[in-house]
Amino acid sequence: MSVVGERERWELRPDIGVGPLLFGMSPAEVAEALLVSEPESRVGGPYGQEDFSDGVKAFYDAGRLACVALDAVIGPQVWLDGFPLAGSDPGQGQQFLLDHAAEHGNCILFTPDASLALTDLGILLRDQRVGEARLTRPLFVKEEWLESQYYRDHLPLESATA
């Protein structure tokens, strides 16, 4: 199962941001960039988390944007060399990232939950349960979060179901 259809397309800018969101933005700047006045919800935890109705979750470190998670089904789509990072088969997504790393010399990292990351691109590919299926759910992370043992072990692990 994969998700194909009309969804907003966002561009990846490694260690800068994704789509209209730039790492280092304040919550107010994130809301403005997403053209909303407020997030749908705020969640406590080790990071400030804001959930937006368009399938975007923003995570903050010291009040500044450090991680963006996109829903597999309703979030914007980000493509990497022609591969859709959101809503794809997890096995195909992981194999694509491994092949991409081999071809481009990217640094590979497996996180404690067995997700695969390309640290130099700031991409972490997680699974999301959608009904009975599992689909890819990308997180875009500041490179320092993936390079640091502390941050790597404490990356946002909120459950994502649809």
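Each value, and the rule that gives it
- Residues numbered from 1 in each chain as written.
- Predicted model: local features only at pLDDT ≥ 70, side-chain atom pairs only at ≥ 80, totals over all residues.
- Heavy atoms only, no water.
- 1 Å grid on protein atoms, 1.4 Å probe; cavity = no way out; pocket = protein on both sides within 12 Å on 5 of 7 lines; lining within 4 Å.
- Points joined across faces, edges and corners; volume = space filled by probe spheres on them.
- Helix = DSSP H or I, 4+ residues; strand = E, 2+ residues; numbered from the N terminus.
- Nonpolar A, V, L, I, M, F, W, Y, C, P; charged D, E, K, R; others polar.
- pLDDT = per-residue confidence, 0-100.
- Pairing = 2+ DSSP bridges.
- Axes fitted to C-alpha atoms, helices over the stretch in contact; angles between N-to-C directions.

### Looking at the layout of surface pockets
It is a probe the size of a water molecule, rolled over the atoms, that shows where empty space is left.
Link 1 in the chain: Roughly 150 Å³ of internal volume is contained in the second largest pocket.
Link 2 in the chain: In this structure, the second largest pocket is lined by P90, G93, Q94, D113, A114, S115, L125, R126, D127 and T136.
Link 3 in the chain: At the level of secondary structure, the elements contributing two or more residues to the lining of the second largest pocket comprise α2 (90–104) and β13 (123–130).
Link 4 in the chain: A per-class count over the lining of the second largest pocket returns 3 nonpolar, 4 polar and 3 charged.

### What about the confidence of the model for the chain?
The predicted coordinates should not be examined in detail at positions where pLDDT is low.
Link 1 in the chain: Mean pLDDT over the chain works out to 88, with 91% of the residues at or above the 70 mark.
Link 2 in the chain: Confidence scores differ between elements of the chain, with helix α4 (residues 149–153) showing the lowest mean pLDDT of 70 and strand β4 (residues 21–22) the highest of 98.

### Focus: the sheet that holds strand β6 (residues 48–52)
Two pairing modes exist for strands in a sheet, parallel and antiparallel, and in both the strands are linked by backbone hydrogen bonds.
Link 1 in the chain: Pairing in this open sheet of 8 strands is antiparallel, and the strands run β5-β6-β7-β8-β14-β13-β12-β11 from one edge to the other. The open sheet terminates on both sides in strands that have one partner only, identified here as β5 (41–43) and β11 (108–110). Across the sheet, the mean angle from the axis of one strand to that of its neighbour is 25 degrees, orientation sign disregarded.
Link 2 in the chain: Bridging between β6 and strand β7 (residues 56–61) involves 5 bridges; their strand directions are antiparallel. By the bridge assignment, G48 is partnered in β7 with Y60.

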